[in-house]
Amino acid sequence: MRVPTTEHQIFRDSFRKFVAREVTPHVGEWEAAREVPRGLWLSLGRQGYLCPWVPEEYGGLGLDFSYSVIINEELIKGDGFGVGVPLHSDVASPYLASYGTGEAKERYLPGCVTGEVITAVGLSEPGAGSDLAAIRTTAVKDGDFYVLNGQKTFITNGYCADLVVVACKTDPAAGYQGMSLILVDKDAPGFVRGQKLHKMGGHMQDTAELFFADCRVPAWHLLGQEGQGFKYLMEKLQQERLEVCIKCQVMAEECLKEGLNYAKTRQVFGRPVGMHQANAFRLAEMATEVELGRVFLDALIAAHLAGEDVVQRVSMGKYWLGEMVNRVAYQALQLHGGYGYMEEYRICRLSRDVRALSIFAGTSEIMKLIISRNLGLRG
Ligand SMILES: Cc1cc2nc3c(=O)[nH]c(=O)nc-3n(C[C@H](O)[C@H](O)[C@H](O)COP(=O)(O)OP(=O)(O)OC[C@H]3O[C@@H](n4cnc5c(N)ncnc54)[C@H](O)[C@@H]3O)c2cc1C
């Protein structure tokens, strides 16, 4: 994010130091463990780096989304792409704050700030990803409880989460209008999490399957009203996809940096790689795409902060930036030759990690569907 205030700069400097001290040195170890330790979450919480937007009455700092942008950006620059903090702070916890009952907010929101409550969002199922209206997890009211049955997959923070926002059908016959969002506590009877999934990249991020077998949760765990789940998801998707746009852009900037540095130093046929015109032009194209992405992203962030409806532009951003970062990562690795394929080079990890960006939080194809529908083209 450009044009920061002095407060933003101070916040960024201190968070950058935190990442350099407490995240970057541990990346290899956490990737092998396929999760980040709870100690990191608690440490982040002590410093005010989790859910900084939460109102002071619940223990937060009452800051706006711009501070979340800084946290997201600096985590990526410090190789903490797989730390599930933006998902926790800016995607999952806002559901609790916006639609949770007073009891739920008092019970869980302070923990979201301290790191004692890690959150996740469970939408995707083995049979329903893009087409969320097709989910099959159900919740049936039973006195003062809901009883959930079903399964979720690919859930980020799923293995470590203490609280999951689960999309389910309270009225299966009503299609998307029968969808509700319900909070499931890790200790709820009948809630079981599967193993951490083996992925192509994002290795330090725990991604898991979740199972609900007659899982009982108190009725006050319902978010908002029954049948309004799809509407709430649509309301929150703008910030979720913006959060991914930020990841795309910063990772593209990092890939460009790696490619450029390498191209300036590695000698081939008596000259640096980047001094061969084909490669210089390649880098010029990459730098242009990255610059265009930054201008677009900063405008999106500013509009979101101003409270504008930017669903169409966020969808464009998620589509274009998600594809752009993959192009830039591919070219940056290519400039490295065989070294780019070696783990000791940063571009190797970056290239693995970027691949999911055009898939999660809505694929590029789904973004095009939204964009074209908003253009009046209903398929
Ligand atoms: C690393 C990772 C983390 C994730 N984290 C979470 C999480 O925390 N919570 C969660 O709920 N989910 C999560 N997901 C799931 C993710 O949101 C889904 O994978 C994604 O929405 C796509 O769904 P799908 O995998 O079922 O693919 P499908 O929906 O089966 O799509 C398959 C292909 O068909 C295309 N397609 C689908 N519909 C259309 C159409 N109408 N027209 C044209 N093409 C179409 C898709 O673009 C895709 O190319 C995560 C996924 C990954 C990889």
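Before any of the text, the structure's been laid out above.
Residues numbered from 1 in each chain as written. Predicted model: local features only at pLDDT ≥ 70, side-chain atom pairs only at ≥ 80, totals over all residues. Heavy atoms only, no water.

Novice: Help me out: how do you make sense of the pattern of salt bridges in this one?
Specialist: A side chain with one charge may pair with a side chain of the opposite charge, provided their charged atoms come close. Across all of its chains, the model carries 27 salt bridges by this definition. Among the ionic pairs, Asp162 bridges to Lys186, the shortest N-O distance being 3.8 Å. With Asp162 in the loop between strand S3 (145–156) and strand S4 (163–169) and Lys186 in the loop between strand S5 (179–185) and strand S6 (191–196), this residue pair connects regions lying 24 residues apart in the sequence. Asp162 gets classed as buried once you look at its relative accessible area, which sits at 7%. Several salt bridges converge on common partners, so that one network encompasses Glu31, Asp79, Glu254, Lys257, Glu258, Glu343, Arg346, Arg349 and Arg352. (Salt bridge = Lys/Arg side-chain N within 4 Å of Asp/Glu carboxyl O. Helix = DSSP H or I, 4+ residues; strand = E, 2+ residues; numbered from the N terminus. Buried < 20%, exposed > 50% of the residue type's maximum accessible area, 1.4 Å probe, protein only.)

Novice: Would you explain the packing of helix H9 (residues 311–335) against helix H11 (residues 364–374) in this entry?
Specialist: Packed helix pairs are specified by the crossing angle of their axes together with the interaxial distance, meaning the distance between the axes. Axis separation between H9 and H11 bottoms out at 9 Å; the angle between their running directions is 145°. Crossing of H9 over H11 shows left-handed handedness. Counted together, Gln312, Ser315, Met316, Lys318, Tyr319 and Glu323 of H9 and Ser364, Met367, Lys368, Ile370, Ile371 and Asn374 of H11 form the full contact between these two elements. Residues that form the contact of H9 with H11 fall into these classes: five nonpolar, four polar and three charged. (Axes fitted to C-alpha atoms, helices over the stretch in contact; angles between N-to-C directions. Left-handed = near helix turned anticlockwise from the far one by under 90°. Contact = heavy atoms within 4.5 Å. Nonpolar A, V, L, I, M, F, W, Y, C, P; charged D, E, K, R; others polar.)

Novice: I'm lost on unusual backbone geometry in this one. Help?
Specialist: Of note, Arg34 is a non-glycine position whose phi angle comes to about 55°, a positive value. Here Arg34 lies in the loop between helix H2 (27–33) and helix H3 (38–46). Positive phi is not limited to glycine here, since Cys51 has a value of about 45°. Mapped onto the fold, Cys51 is located in the loop between H3 and helix H4 (65–77).

Novice: Looking at this structure, I do not really get the site of the ligand. What am I missing?
Specialist: In the region of the ligand, 16 residues are neighbours, and Ser124, Ser130, Thr156, Thr363 and Glu365 sit closest. Between the ligand and the protein, one listed contact pairs an oxygen atom with a backbone N or O atom of Leu123 at 2.8 Å. At 2.6 Å, a side-chain N or O of Thr363 approaches an oxygen atom of the ligand. Notes on the ligand: free accessible area 980 Å², of which the protein chains cover 62%. Going through the elements one at a time, strand S1 (119–122), S3 and H11 are the ones with two or more residues in the shell around the ligand. The residue inventory of the shell around the ligand, partitioned by class, reads nine nonpolar, six polar and one charged. (Near = heavy atom within 4 Å. Polar contact = N/O pair within 3.5 Å; in protein donor to acceptor, adjacent residues only side chain to side chain. Areas by Shrake-Rupley, 256 points an atom, 1.4 Å probe, with all protein chains shown as cover.)

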